[in-house]
Amino acid sequence: MKVALTGPIRDALGGLASIEIEADTIRELMQRLEDRYPALAPLLDAGIAVAINGEIFRDRWGEVIPRHAEVVLMPRIPGG
Amino acid sequence: MSHDASFTNQKFKVIGTRVPRPDGIDKVTGRARYGADATAPGQLVGMILRSPHAHADIRKIDTSAAEALPGVKAVITSADLPDKVGGRRDMLDILENCMARGRALYDGHAVAAVAAIDAETAKRALKLIKVDYKPLAHVTDVDEAMRDDAPIVQPWVRTAGGDPNKPTNVAQISQFGHGDLDAGFAEADVIIERSYKTEQTHQGYIEPHACLASVGPDGQGELWVTTQGHYTFRTQCAALLGMEVAKLKVTSSEIGGGFGGKTHVWMEPVALALSRKANRPVKLVLTREETFRGTGPTCSTSIDIKIGARRDGRITAALATLRYQDGAFPGIWGMLGAMTAWACYDLPNVKSVAYDVLVNRPKVAAYRAPSAPMAAFAVESTVDLVARELGMDPVDFRLLNAAKEGTRASYGPTYGPIGIGPTLEAVKNHPQMKVKLGPNQGRGMACGFWFNFGGQTCSTVNIGVDGTVNVSVGTVDVGGSRASLSLIAAEELGVPYESVKCTVADTATLGHNDTTEGSRGTFSSGMAIIFACRNAVQELRARAAKMMDVPVEDVHWENGQAVALGTQHSNLQPLTLAQIARKSPQTGGPIAGHNEVVADGAGVSFASHICDVEVDPETGQTRVLRYAVIQDAGKAIHPDYVEGQFQGAAAQGIGWALNEEYIYGKDGRLQNPGFLDYRIPVCSDLPFIDTQILEIPNPGHPYGIRGVGETSIVPPLAAIGNAVSNAVGVRMTHVPMSPPRILGAIKAAR
């Protein structure tokens, strides 16, 4: 599946707009990102968010990623 | 038991009603207990010594005279707060901000602290501490801090992807966007570029930071504190002091405002360290001056905007370059500005580049929809200029370019159902738009966006033997959530609102709850309470089945009663919750429901504001004549509180737009750390703020709830900027638009 990259995540991978990676859940996605892209380690350690079909997930790693879903990796957002 | 969080469009009985607030009487009679209202036997008074320099090496701190003063029980410096976090950078930054470690990084940075038997003794002790400073060159302006010859605030900071050997004040560069910017601008018939500045503001919460800390020789501790996130405070304080999480109990007091400023620790680890050293409880209450100088305001910014559009009104390209100062420690505030800048619009070619920059000012903290208001000021001001250049109505121009379901947001994902279009339609139809303006008066409008989020949440529902209900939550009530959460429990259980009492539990009572930020309180605790109540209803059905002597699968829950369905049970009367509760000792003991959830799926929200002002051309004084807030709130659980959030956010935005700013002298010291010289709006400065709630359901919540509290601080700077610009005939580009700045802009334009 195609995973779009934004902000610091994109910069950490040299400006890549997207990557191809297979994962059925957010947990699998995180694990494979960690294995395949060591440059992402500091960002993954600090926490990132995943938008699946527009819905933003920060911590629900068991969330299933549907086939053909739009998946976007985003910075983790704080609030006030 | 797992539950489905999807929106079900159920019909409500009590949700949406305007019931009395449960905390009202305590608050107006003075019975409510805030951060400074706790006492403990033998408590000491804690006080902090702060740097008078914007930037200085600390060569030596001599505490001997202070320690020798009778009545002084403990004196601490950074030596008493060693690294217990294994060099973890983000935690070390928090620790260094709590107490300077060899260098004072801003005016007001804590350098030492004392605990004494009374305030007089503590003050005398502070004066006896001798600090040998070597003043260093400083920088407080974000643009100056980015120059190659600027003083370096943190020598260890390097820009990611930059020269690894070159210290810099640019802690991070973040880029967002999509499309082909050059092609988009080439297609444009009109291109407008402008630069803007916004000054630093404080959240202005009325209650200063305050806590009562107690740590015993057995390593167990308690902290009573005004905070937006007592679980986060527990985690951070325990880590910084090397304590075990379970042995530090943190209780959140009533909170006199936070707005992001009470989302992480400032002086609480200092109070705990003093208590541990003195072996006595220590109460530490900051003064207003300390709150301004030593806690976290929002950023000052410098922003460039470029927008291209065709004659038909479609924006073809948009570029934002945003420079946000983070204070003396790296943050992500510029990045948030970049993510939110263009979120209201459907843009084929868009880019935002943000610089997070260090300066010698206090560590920046979140402030209600952090970073979005400044970006919106710059974007929405330029949007008005483009509309004017095209000869289009500014609302029609925004409507034509507004994001909608299916739009790819400038920060990445594709939107689901969103409310920016409906808020703009509501602006067009709002009565205020038809009010005729007089001389020196102007009207402006602007849009705003905020993400909202949910996060880790844990709640318990306990049913008493008389049928009343205790709800325990771990999200701090910063804006009326005890009322809205009680309504949710009443709705789920089918009991009167008055039968429910909602309490914010301490950290020993519930599992971890994320900080109350990101407009998450009612969204996330509401979800956990719905699920906890549904678990309790399962138990109520089981107890009713025992009482009726029927199979549990035959018992249904309807309108707050257990009903046995089927012709074979037609002789059985329904049992109310109170009847089941009364017999609970004989049917299995207490009845409760519990839920822990990661409440993701918070829906984004949008607001559009209208502002009418009158500007005195001789004094530059601006009076806000009329103000209207229209926001997509999802389902409004308690409409009074939703409207209150809209009004409060607009009031803060009005103060930010017209008056409030941190003013630094050439010596790098803050010149106005008090409410006399840093003037927030009072009632007489404000008109009645009209509100209109749009209820576009969030598909990711059973009741359709979205976050409410933050979005409406995003448009005011821009709405007022557009109104003032229209009133004086000169584009205002610098916030706050104080009388001297307005007069200066008018004079410069002549």
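The shown structure was predicted, so the numbers you read here are calculated from the model rather than taken from an experiment.

A. Fine view of the overall build of chain A. Of the regular secondary structure elements, chain A holds 3 helices and 5 strands. Going from the N terminus to the C terminus, chain A shows its helices and strands as β-α-β-α-α-β-β-β. By the compact-globule yardstick of 12 Å for 80 residues, chain A fits well, its C-alpha radius of gyration being 12 Å. Principal-axis analysis of the C-alpha atoms gives chain A an extent of 35 × 25 × 20 Å. By residue count, 49% of the 80 residues in chain A fall in the buried class. A sequence separation of at least 24 residues applies to 47% of the contacts in chain A between residues at least 6 apart. A total accessible area of about 3,800 Å² is found for chain A, and carbon and sulfur atoms account for 50% of it. For chain A, the centre of its 9 positive side-chain charges and the centre of its 12 negative side-chain charges are spaced 2 Å apart.

B. Region of the structure containing the domain arrangement of chain B. Residue and element names in this part refer to chain B. Partitioning chain B into structural domains gives domain 1 (24-32 + 454-598), domain 2 (36-137 + 203-294) and domain 3 (417-445 + 605-750). A separation of 39 Å is found between the C-alpha centroids of domain 1 and domain 2. On the side of domain 2, 16 residues touch domain 1, which itself brings 19 residues to the contact. Both sides together, the interface formed by domain 1 and domain 2 hides about 1,500 Å², and carbon and sulfur atoms give 52% of it. Among the residues domain 1 hides against domain 2, the three largest losses belong to V476, T507 and T515. Together they make up 40% of the total. Our enumeration of links across domain 1 and domain 2 arrives at 2 salt bridges. Our count for the contact surface shared by domain 1 and domain 2 stands at 7 residue pairs in polar contact (both at pLDDT 80 or more).

C. Spatial organisation of the side chain of T691 of chain B. All names here are of chain B. Following the sequence through the fold, T691 ends up in strand β26 (residues 689-694). Using a relative accessible area of 18% as the deciding quantity, one classes T691 as buried. Non-local contacts of T691, meaning those with residues more than four positions away in its chain, are made with V629, E643, F646 and Q647.

Rules of the game
- Residues numbered from 1 in each chain as written.
- Chains lettered and ligands numbered in written order.
- Predicted model: local features only at pLDDT ≥ 70, side-chain atom pairs only at ≥ 80, totals over all residues.
- Heavy atoms only, no water.
- Helix = DSSP H or I, 4+ residues; strand = E, 2+ residues; numbered from the N terminus.
- Rg over C-alpha atoms; globule rule 2.2 N^0.38 Å.
- Buried < 20%, exposed > 50% of the residue type's maximum accessible area, 1.4 Å probe, protein only.
- Contact = heavy atoms within 4.5 Å.
- Areas by Shrake-Rupley, 256 points an atom, 1.4 Å probe, with all protein chains shown as cover.
- Lys, Arg positive; Asp, Glu negative; His and termini not counted.
- Charge placed at Lys NZ, Arg CZ, Asp CG, Glu CD.
- Domains from an automatic or database assignment.
- Buried area = accessible area lost by both parts, 1.4 Å probe.
- Salt bridge = Lys/Arg side-chain N within 4 Å of Asp/Glu carboxyl O.
- Polar contact = N/O pair within 3.5 Å; in protein donor to acceptor, adjacent residues only side chain to side chain.

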